[in-house]
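# A structural walkthrough
Next come the chains, spelled out residue by residue.
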Amino acid sequence: MSFFAEYLGLVKTTAGLEIRNDVIKVIEIKKAKTSATVTKIEYIDIPVGVKEDRDVFLIDSLKSLWKEKKLSRNRVISLIDSPAVETVILRLPVMPEKELQSAIEIKAEASFSLPLEDCNWDYMVLGEVVERNIRKIDILIVSVPHERIKEHLSILKKAGIKPFALSIVPLSLLDSSRYSRLNKGVIAVMNFSERLTNISILDDGILQFTRDIPLGDEQLNSVTQKTMGMDTAQYVRIRDEEGLNSSLFKDAIEVSMPCLLSEVSKSFDYYRTRPEKNNPEKVILSGETSTIPGLKEHLASRINKEIALADPFCNLKIEPHIDITKFKVSSSHLNVNVGMGLYEKGINLLSPKLRRKEVTPNQKIIQIIGLVVTLTLIMWSVVQSLEIRNLKKDIAVNRAGISQMDPIVRNINESKSKNEQMKKTVEELRRLIENRAEWSGIMESVNKVITSKSWLDSVSFKGVEGQGGQLIIEGRTFVASDATEFLLRLGRLPNMDKAELNYTQVEALGDKKVIRFRITGYLKR
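Let us look at the structure shown here. This one's a predicted model, so the numbers in the text were calculated from it and none came from an experiment.

Now for the overall build of the protein chain. Summing up its helical and strand segments, the protein chain has 13 helices and 18 strands in all. Within the protein chain, the proportion of its 525 residues that are buried is 44%. Taking the contacts inside the protein chain whose residues are at least 6 apart along the sequence as the reference set, 63% of them involve residues at least 24 apart. When the accessible area of the protein chain is evaluated, it comes to approximately 28500 Å², of which 53% is carbon and sulfur surface.

Turning our eyes to something else, we now look at the sheet that holds strand S6 (residues 119-131). Across the sheet, which stays open at both edges, the three strands sit in the order S5-S7-S6 with antiparallel pairing between neighbours. Single-partner strands in this sheet number two, and they are strand S5 (86-93) and S6. Each strand of the sheet is rotated relative to its neighbour by a mean of 20°, with strand direction disregarded. Judged from the twelve bridges that link them, S6 and strand S7 (residues 134-145) form a sheet pairing that is antiparallel. Within S7, the position partnered with Val129 by the bridge is Lys136.

We now examine the pattern of salt bridges. This structure, assessed with the given rule, holds 28 salt bridges. Where Glu18 meets Arg20, a salt bridge forms, and the shortest distance between an N and an O atom there is 3.8 Å. For the residue pair Glu18 and Arg20, the accessibility class agrees, reading buried in each case. Note that Arg20 is salt-bridged to Asp22, the shortest N-O span being 3.5 Å.

A cluster of nonpolar side chains, contributed by Leu371, Leu375, Ile378, Val382 and Leu386, occupies part of the molecular surface with about 450 Å² of accessible area. Classification of Ile378 by relative accessible area gives partly exposed; the value is 47%.

Moving on, we come to the packing of aromatic side chains. Any two aromatic rings considered together are summarised by their centre-to-centre distance and by the angle between their planes. With the rule as written, the count across this model stands at five aromatic pairs. Plain terms: the ring middles of Phe209 and Tyr270 are 5.9 Å apart, the flat faces sit at 45° to each other, and that makes the pair tilted. Here Tyr270 lies in helix H8 (residues 247-273) and Phe209 lies in strand S11 (residues 206-213), a separation of 61 residues in the sequence. Overall, the relative accessible area of 8% leaves Phe209 in the buried class.

An α-helical turn contains 3.6 residues, so any two residues separated by three or four positions project in the same direction. The first and last C-alpha atoms of helix H13 (residues 480-491) sit 17 Å apart over twelve residues, in line with the 16 Å expected at 1.5 Å per residue. Inspection of H13 places Asp482, Ala483, Phe486, Leu487, Arg489 and Leu490 among the buried residues, and these make up the whole buried set. Viewed end-on, H13 has its buried residues packed into an arc of 170°, placing them on one side of the element.

For the second largest pocket, the calculated volume is near 1100 Å³. Together, 31 residues line the second largest pocket, and Arg20, Asp22, Asn221, Val236 and Arg239 are the ones closest to its centre. At the level of elements, strand S2 (23-31), strand S3 (36-45), helix H6 (217-228) and helix H7 (232-241) are the ones that each hand at least two residues to the lining of the second largest pocket. For the lining of the second largest pocket, a count of residues per class yields ten nonpolar, nine polar and twelve charged.

Another aspect to go through is the packing of H8 against helix H9 (residues 295-303). At a minimum axis distance of 11 Å, the contact between H8 and H9 shows a crossing angle of 55°. What the angle tells us is that H8 and H9 run oblique. Relative to H9, H8 is oriented so that their crossing is right-handed. In contact with Ile253, Glu254, Met257, Leu261 and Phe268 of H8, H9 contributes Leu295, His298, Leu299, Arg302 and Ile303. The residue makeup of the contact of H8 with H9, split by class, is seven nonpolar, one polar and two charged.

This brings us to unusual backbone geometry. Phi is positive for Lys70, which is not a glycine, with a value near 50°. Residue placement: Lys70 occurs in the loop between helix H2 (54-69) and strand S4 (76-79). Judged by relative accessible area, Lys70 falls into the exposed class, the value being 65%. The phi dihedral of Asn133 is positive, around 65°, even though this residue is not glycine. Here Asn133 shows up in the loop between S6 and S7. For Asn133, a relative accessible area of 76% puts it in the exposed group.

Considering the arrangement of structural elements, one finds Ser82 in the loop between S4 and S5. A relative accessible area of 6% places Ser82 in the buried class. Ignoring any residue separated from it by four or fewer positions in sequence, one finds Ser82 in contact with Arg148 and Leu196.

So, on to the environment of Met190. Structurally, the position occupied by Met190 is in strand S9 (residues 186-192). A C-alpha to C-alpha distance of 9.5 Å links Met190 and Ala310, two positions 120 residues apart in sequence. Excluding residues that lie within four positions of it along the chain, Met190 makes contacts with Thr197, Asn198, Ile199, Leu260, Val264, Val283, Ile284, Leu285 and Ser286.

What follows concerns the nonpolar core. Grouped burial of nonpolar side chains is what soluble globular proteins tend to show. In this structure, Leu17, Ile24, Val26, Leu62, Trp66 and Leu349 are the most contacted members of the largest nonpolar core, which totals 49 residues. Broken down by element, this core gets its largest block of residues, five residues, from H2. When near neighbours in sequence (up to four residues on either side) are disregarded, Ile24 contacts Leu17, Glu18, Glu42, Tyr43, Ile44, Ile46, Leu58, Ser61 and Leu62. Listed in part, the 31 residues of the second largest apolar core include Met190, Ile238, Ile253 and Leu261.

On the surface, a cluster of negative charge is made up of Glu105, Glu109, Glu117 and Asp118. Assignment of secondary structure puts Glu105 in helix H3 (residues 97-111). Residue Glu105 is classed as partly exposed on the basis of its relative accessible area of 39%.

As for its placement among the helices and strands, Asp269 is situated in helix H8. Given the relative accessible area of 36%, Asp269 is considered partly exposed. It is 7.7 Å that separates the C-alpha atoms of Asp269 and Asn279, two residues lying ten residues apart in sequence.

Bringing the pairing of strand S18 (residues 512-523) into the picture now. Across nine bridges, strand S16 (residues 469-477) lies against S18 in antiparallel orientation. Directly across from Gln470, in S18, lies its bridge partner Tyr522. Bridge count between strand S17 (residues 496-509) and S18: twelve bridges; the pairing is antiparallel. Opposite Glu500, over in S18, you have Thr520 as the bridge partner. Remark: two residues form the turn of the hairpin made by S17 and S18, two consecutive strands paired antiparallel; Gly510 in that turn has positive phi of roughly 65°.

Cut-offs and rules
- Residues numbered from 1 in each chain as written.
- Predicted model: local features only at pLDDT ≥ 70, side-chain atom pairs only at ≥ 80, totals over all residues.
- Heavy atoms only, no water.
- Helix = DSSP H or I, 4+ residues; strand = E, 2+ residues; numbered from the N terminus.
- Buried < 20%, exposed > 50% of the residue type's maximum accessible area, 1.4 Å probe, protein only.
- Contact = heavy atoms within 4.5 Å.
- Areas by Shrake-Rupley, 256 points an atom, 1.4 Å probe, with all protein chains shown as cover.
- Pairing = 2+ DSSP bridges.
- Axes fitted to C-alpha atoms, helices over the stretch in contact; angles between N-to-C directions.
- Salt bridge = Lys/Arg side-chain N within 4 Å of Asp/Glu carboxyl O.
- Patch = residues over 30% accessible without salt bridge, like charges linked within 9 Å, V, L, I, M, F, W, Y side chains within 5 Å.
- Phe/Tyr/Trp six-rings, centres within 6.5 Å; stacked < 30°, edge-to-face > 60°.
- Expected span 1.5 Å × (residues − 1).
- Arc of directions from axis to C-beta.
- 1 Å grid on protein atoms, 1.4 Å probe; cavity = no way out; pocket = protein on both sides within 12 Å on 5 of 7 lines; lining within 4 Å.
- Points joined across faces, edges and corners; volume = space filled by probe spheres on them.
- Nonpolar A, V, L, I, M, F, W, Y, C, P; charged D, E, K, R; others polar.
- Parallel < 35°, antiparallel > 145°, perpendicular 65-115°, else oblique.
- Left-handed = near helix turned anticlockwise from the far one by under 90°.
- Core = buried A, V, L, I, M, F, W, Y, C linked by side-chain atoms within 4.5 Å.
- Lys, Arg positive; Asp, Glu negative; His and termini not counted.
- Charge placed at Lys NZ, Arg CZ, Asp CG, Glu CD.

In C-alpha cells:
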C-alpha cells in the first residue's frame, strides 16, 4: 500500500540537503496528508584541512551517502544559503495571473541589485489582505545570481543528485514553523547560519518580514575565540559544554554579540513602524549558535522579549531506528533542515527548464486507466492471434472432410462474438477515461475560483456525466461579498452555462458569524 500511496502522490518522501563549510546535513521526511515522519537524519563532517580538494570530498561523500543510506532521489530539496540571496516582500492589488506576472517582474527588476536576466528568481504568494476595502496580496520574491546557482548545481550533478527544488532559509523556517503550529500571533524566528543571521517575522503563520544580517556562526565564533585567546579544540569544548555559564566565554561573547543585537533591534523597530504591524511577542532561536548553553537567557535579557528554542520535531513522528535523544537538547539547529523536508510548494530557484512538474493523484489515476486499457488491447490482440492460428491449423487438418468443419465454424462464430464483446468493453473504458478527465477538470476549475475566505462543504452532481447537468455546491464564508465573487467567477468558467445562488443563511461558528450558501451551476453539454 505504501508504494501505491507514494506513486499516487498521497505520500511524499523528501530529502532536505544542507552543505555547510564544516558539515553535510540531510533529513528525510515522509509526509502524508495529516502526518509526517522523520525517516533518516544523516551527518558527514568536513575535515578542517579540506580546502583545495573540498569539491572532490563533497562529491564522493554525497555519492556514498545516497547509495549507502538509500535516500530519496525523487524529491531532493537543496538549500541556497548565501549573502548573494536577495529577498523582497511586496504588496500588490489582486489581479489576473498574466497581469500579476508582469507587475511582479517590473517590481522585481527595480528591487534587486542585479538585472533579472543575470539571476535565477522566483516568487510565491504569502497571503491575501484587505487594505482600505481593496483586496491585496503579499508576495515574496527571491533572486540569486546565475553563477552561485551553477556552482551549487555542479557539485550535485557530479554526485548524481538531481534536485527537485532549490530553497532558501526563510521559506524553510516558514514550513517548519507552520508544522510546529507557530501560527498564532506575531512571532520572530532568528536563525543562525554560517555567514548570515536571518530574521523572519510571522503574523498568524504568514511571513510578513525577512532580513539577512551579514553576521553568522563563522564570524561570531571567530571573534569570540580570538577574544578568549584559545585554540579551536579548547574553545569548542567550553562553548558547547559551558557556554555562557563560563565567565570567560560570557565576557568574550559580549564583544561579538552587540553588533548583531543592534541589527536585530533595528529590524524589529522597522517592522513596528509599518501600518498595522505589532512588535513580535516571542522570538524563536534556531541554527548552530542557538544551542550554546545560556544564550537563550542572555538574549532575552538584552532584547526584552520571551525567547524559546525551536523544536522542529514537536509534531513529527520519528522512525524507531533514529536515536533522537541526542537532539532533545539541541534540535533547534535542525530547524531549517526539517523545513526543507516538509517542503510542499513555494520558492524554487531552479531555472524553469530544470523544474519537474509533479503529477496530481487524478492524473495518476487516468494514467493507470490508460495503462489498463492498453494492456487489455494487447491481451485481446494476443488472444485473437492465437485463436486465428488455431483456426488455421484446424482448417488445414480437417480440409479433407467438409462434414468435420462444423466445430471450426462454431469456433469462428464464438471468436466473432468475443471480438464484438471486447470492442464494447474497450469503448466503455474509453468513455470512462474521457468522463473522468472531464470531471477532474470541472473540480480543478471550481478550486481555482473559490475565494480565500470561503470553503466548500459539499459538491454534488445531477445529470449524466458528459451530457451537461447541474453542479450543486454548498459552502460557507465569513464575508457575503466572497460568496457573490465566487458565484460570478463560477459563472464565467468555460464549462459552465450559468450559475445561480439558491440561498444564503447566517450561522454562528464559535464566536464568529459565517454565511452558509448554496449555488447551482449548469454545465454545458
